[in-house]
Every structure is written in C-alpha cells, then in structure tokens.
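Working through the structure, step by step
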Amino acid sequence: MADTRTEINSLGEFGLIQRINKKIKTNLPDTITGIGDDSAVIDLGDEFGLLSTDILLEGVHFDLTFFPLKHLGYKAIAINVSDIAAMNGTPRQVTVAIALSNRFSVEAVDELYEGIHAACKDFNVDLVGGDTTSSRSGLLISVSVFGRVKKDKITYRHGARPNDLLCVTGDLGGAYMGLQLLEREKQVFMANPQMQPELEGKDYVIQRQLRPEARMDVIYELAEAGVLPTSMIDLSDGLASDLLHICAQSGVGAIVFEEKLPIDEQTYIAATELNLGPVTAALNGGEDYELLFTVPQVSYDLIKNNPKISFIGYITDKKNEVLLHTNADNRIPITAQGWNREN
Ligand code: ADP
Ligand code: MG
C-alpha cells in the first residue's frame with residue numbers, strides 16, 4: 001500500500017464508484033450487467049433477474065426529528081422498487097437489514113415495519129429476509145430488491161438515440177423543496193419550541209419528501225400502451241445529474257426546454273419563498289423518484305394523452321452536450337453541480 005491519503009471528497013460519489021468498478025471484473029456467464037445501471041442484470045434463462053441495493057442512514061438521508069418512522073419504512077422500500085422500475089422490471093422480493101441503537105424501542109421498530117409492510121403491499125413484493133444488528137449511533141436501513149423483466153423488455157441507461165423524445169413522469173423538485181421546508185421549520189422550532197410549524201398549504205411537497213412513490217403505475221401503463229422506452233433511469237439525484245448519466249452512457253446529448261419542466265404550484269411557491277428558483281429545484285433537487293426515459297418519436301401518439309408523462313425535450317447526436325433551452329431562448333449547459341442563470 002502506498003502511504004498517500006486521498007480524501008473521498010476529491011473523487012465524489014460517482015468517482016468513487018468508478019474507481020471501485022475499475023477493479024471489478026465479472027466472471028460468471030449469467031452476469032449480464034454489473035455496476036453502472038439502476039440494477040444489476042442476471043440471466044435467469046427465460047427472463048432477466050434484476051438486483052439492487054440502497055442504504056438510508058440517519059443523519060445523512062433522514063432526520064428523525066421530522067421523519068416519521070412509518071414513512072421512513074415506506075420510503076426505504078419505494079426507493080428500491082424505483083430502481084427496478086427504471087429497468088422496466090417488476091419487483092418481486094426484498095430483504096431488509098437494520099442497525100439500531102438503544103435509543104429505539106420495540107414500538108419504534110413496529111412503526112418502521114408498518115411502513116415497510118404498507119409499501120410491500122402497495123408494490124406487491126414479498127419481504128423474504130434481512131439482518132438485524134446494533135448500532136453505536138442512529139438508525140441504518142439497507143434494502144435489497146430482486147425483480148424480473150422479460151428479456152426483450154429490459155431498458156438500460158445506455159439506449160437513448162438521437163431524435164428520441166425525452167420524457168419524465170410526475171413533477172420535479174417537490175421532494176427537495178419539502179426537505180427545505182421541513183429543515184426550516186426544525187430550525188424555527190429549535191430556536192423557539194412554542195412556535196407552531198408553518199406548513200399549511202405545503203402538504204404536497206412535504207409528502208413528496210416523506211412518502212415518495214416508485215412509478216410502477218407508469219411502467220404498467222407504458223406496457224399497456226405498447227411503448228418500450230429506449231433508455232430509462234429513476235430520478236434519485238435530480239434531473240440534471242440523472243440525464244447526464246443517460247447521455248454519457250448512451251453517447252448522446254440532449255436539449256431540455258425550461259417551459260416544459262413539470263413543476264407543481266407548491267414547489268414553485270416554496271422555491272420562490274426560499275429564494276432557490278423553481279427551475280433550479282426541478283433540475284437539481286433530488287429524491288423525486290420519478291422516471292426519466294426516452295422513446296422513439298413514433299411512440300408519441302401512444303402516450304401523448306397520459307397526464308402522468310411530460311415531454312421535456314429530445315436527444316441529440318452531440319455527445320454529452322446537455323442543454324437547457326430557457327424561456328428567454330438561450331441555451332445553457334446543464335451540469336450536475338447546479339445550474340446558474342447568470343452563466
Ligand atoms: P442509484 O442512484 O440508481 O441507486 P447509484 O448511483 O447508487 O445508483 O449507483 C450507481 C451504480 O453503482 C449502480 O450500478 C450500483 O449498483 C453501483 N454501486 C454503488 N455503490 C457501489 C459499491 N460500493 N460497490 C459496488 N457497486 C456500487
Ligand atoms: Mg436509480
């Protein structure tokens with residue numbers, strides 16, 4: 001071992017994953033795809049199996065001062081199911097590992113599992129195992145999910161083609177604005193515990209943060225409409241970052257129209273109130289767990305009337321050139337770090 005020390009910050013999450021990936025070589029003939037997509041792909045013979053894991057860690061991913069345990073349990077399952085949806089698959093089984101400090105009671109664990117059960121029921125998955133251990137501080141939940149997809153229906157991040165339409169489900173930036181509001185109220189409460197939270201009229205964005213849904217509904221509707229996306233990813237890190245993944249892995253570029261971005265009124269109001277800018281929230285706010293996908297233009301008529309789907313732009317042949325076409329008719333590069341109107 002060399003005795004140099006490199007800070008993880010200097011690589012970032014994606015840099016670190018790339019570094020891990022470089023040293024991993026898959027050997028088994030049934031390992032179709034390893035690291036790099038929303039889930040791993042395994043050849044099961046007549047179908048592909050899909051496998052994915054996500055961790056939620058107290059103090060990093062959630063703050064129990066405002067995150068009810070029941071919602072947390074639901075979210076832990078939903079965000080894993082979302083990665084199966086992003087492969088156009090159907091979730092089947094989950095395992096749940098938890099690490100608990102002695103701060104948690106049996107009743108608290110019951111509450112967490114109430115949410116886990118509710119999500120398993122909603123997404124029609126079976127909880128088939130896990131692990132339980134103690135933690136020195138805080139709560140950790142790690143969920144793994146197994147899913148299935150017909151071989152000719154799988155959707156990777158790397159299939160976007162020039163002229164494909166860029167589609168997104170639901171609306172964007174809400175989960176991030178919900179988090180900002182909850183954190184603001186926490187600060188107010190800590191300064192003065194007598195203060196009542198001011199969250200009236202903000203229920204939708206709060207719910208977007210506390211109770212995200214995996215968009216399995218849209219996966220079923222696309223299949224019913226006979227539409228197979230050419231590429232897909234779920235929006236965990238924000239539209240900008242996740243669109244950059246699709247473009248990088250597909251070797252294409254994209255143009256997104258500011259006026260087409262689906263932004264809920266509550267997101268708009270909250271972003272304006274907190275001086276963040278609704279478009280910035282939509283581009284860079286994470287945790288919406290909506291689906292971003294591309295379809296060939298011929299599919300447009302088959303899904304144009306689905307109110308859950310917005311057509312926000314199109315794919316170009318300009319490798320990694322990902323642009324926002326603003327309402328003022330400027331074209332500005334979209335970067336994962338954030339977007340600045342002054343640029
Ligand atoms: P997502 O946001 O869809 O959950 P991530 O950004 O967490 O995806 O991960 C991207 C890819 O890197 C996935 O294929 C994931 O399985 C893989 N990955 C993430 N962390 C690790 C790790 N520590 N070791 C191996 N693979 C990893
Ligand atoms: Mg994902």
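Residues numbered from 1 in each chain as written. Chains lettered and ligands numbered in written order. Predicted model: local features only at pLDDT ≥ 70, side-chain atom pairs only at ≥ 80, totals over all residues. Heavy atoms only, no water.

By the naming in an unreviewed UniProt entry, the protein chain goes by Thiamine-monophosphate kinase and is assigned to Dyadobacter helix. Quoted verbatim from the Function (unreviewed entry) field of the UniProt record, the comment on the protein chain reads "Catalyzes the ATP-dependent phosphorylation of thiamine-monophosphate (TMP) to form thiamine-pyrophosphate (TPP), the active form of vitamin B1." Turning to the protein chain, the UniProt annotation filed under Catalytic activity (unreviewed entry) states: "thiamine phosphate + ATP = thiamine diphosphate + ADP". (UniProt positions renumbered as here; feature names shortened; annotations may be inferred.)

On to a nonpolar patch on the surface. A cluster of nonpolar side chains, contributed by Phe-14, Ile-17, Ile-20, Ile-24 and Ile-35, occupies part of the molecular surface with about 410 Å² of accessible area. Summarising the element assignment, Ile-20 is placed in helix H1 (residues 12-22). (Patch = residues over 30% accessible without salt bridge, like charges linked within 9 Å, V, L, I, M, F, W, Y side chains within 5 Å. Areas by Shrake-Rupley, 256 points an atom, 1.4 Å probe, with all protein chains shown as cover. Salt bridge = Lys/Arg side-chain N within 4 Å of Asp/Glu carboxyl O. Helix = DSSP H or I, 4+ residues; strand = E, 2+ residues; numbered from the N terminus.)

To continue, consider the UniProt feature "binding site: Mg(2+) 2" (unreviewed entry) in the protein chain. Within the UniProt annotation, "binding site: Mg(2+) 2" (unreviewed entry) is assigned to Asp-54 and Asp-83. Spanning 30 residues, the named residues form one tight spatial group whose C-alpha atoms are at most 9.2 Å apart. In this fold, Asp-54 is placed in strand E3 (residues 47-57). Asp-54 sits in the partly exposed class, given a relative accessible area of 24%. Setting aside chain neighbours within four positions, we find Asp-54 in contact with Ile-79, Asn-80, Asp-83, Ile-141, Ser-142 and Val-143. Locating Asp-83 in the fold gives a position in helix H2 (residues 69-85). (Buried < 20%, exposed > 50% of the residue type's maximum accessible area, 1.4 Å probe, protein only. Contact = heavy atoms within 4.5 Å.)

Now for the coordination of the magnesium ion (ligand 2). In the first shell of the magnesium ion (ligand 2), the protein supplies Asp-38 (OD), Asp-83 (OD) and Asp-234 (OD), at 2.0 Å from the metal. Residue Asp-234 is classed as buried on the basis of its relative accessible area of 1%. (Donors = N, O, S within 2.8 Å, 3.2 Å for Na, K, Ca; no water.)

Let us look at the nonpolar core. Ranked by internal contacts, the top residues of the largest apolar core, which has 65 residues, are Leu-72, Ile-77, Phe-123, Ile-141 and Phe-293. Among the elements that line this core, the one with the most residues is H2, at ten residues. Residue contributions to this core reach at least three from each of two domains, namely domain 1 (26-150) and domain 2 (157-333). Those residues in contact with Phe-123 that lie beyond four places of it in its chain are Tyr-74, Ile-77, Ala-78, Val-81, Pro-91, Glu-213, Ala-214 and Met-216. One finds Leu-166, Val-168, Ala-282 and Leu-292 within the second-largest nonpolar core, a separate group that totals 24 residues. (Core = buried A, V, L, I, M, F, W, Y, C linked by side-chain atoms within 4.5 Å. Domains from an automatic or database assignment.)

Turning our attention to the site of ligand 1. Taken together, the neighbourhood of ligand 1 is formed by 13 residues, with Gly-36, Asp-37, Asp-38, Asp-83 and Ser-236 sitting nearest. At a separation of 2.9 Å, an oxygen atom of ligand 1 approaches a polar backbone atom of Asp-37. Contact between ligand 1 and Ser-236: an oxygen atom at 3.1 Å from a side-chain N or O atom of the residue. In the complex, 65% of the free accessible area of ligand 1, which totals 560 Å², lies under the protein chains. Looking at the shell around ligand 1 element by element, the count peaks at four residues for H1. Looking at the shell around ligand 1, its residues break down into four nonpolar, two polar and seven charged. Structurally, the shell around ligand 1 is a two-domain feature, drawing no fewer than three residues from each of domain 1 (26-150) and domain 2 (157-333). (Near = heavy atom within 4 Å. Polar contact = N/O pair within 3.5 Å; in protein donor to acceptor, adjacent residues only side chain to side chain. Nonpolar A, V, L, I, M, F, W, Y, C, P; charged D, E, K, R; others polar.)

As a further point, take the sheet that holds strand E4 (residues 90-100). One open sheet holds the six strands; their spatial order is E1-E2-E3-E6-E4-E5, and the pairing between them is mixed. For this open sheet the edge positions go to strand E1 (31-33) and strand E5 (126-134), each flanked by a neighbour on one side alone. Going from strand to strand, the sheet's axes swing by 20 degrees on average, the running direction of each strand aside. Pairing geometry for strand E2 (residues 40-43) and E3, over four bridges, is antiparallel. The partner of Ile-42 across the bridge, within E3, is Gly-49. (Pairing = 2+ DSSP bridges. Axes fitted to C-alpha atoms, helices over the stretch in contact; angles between N-to-C directions.)

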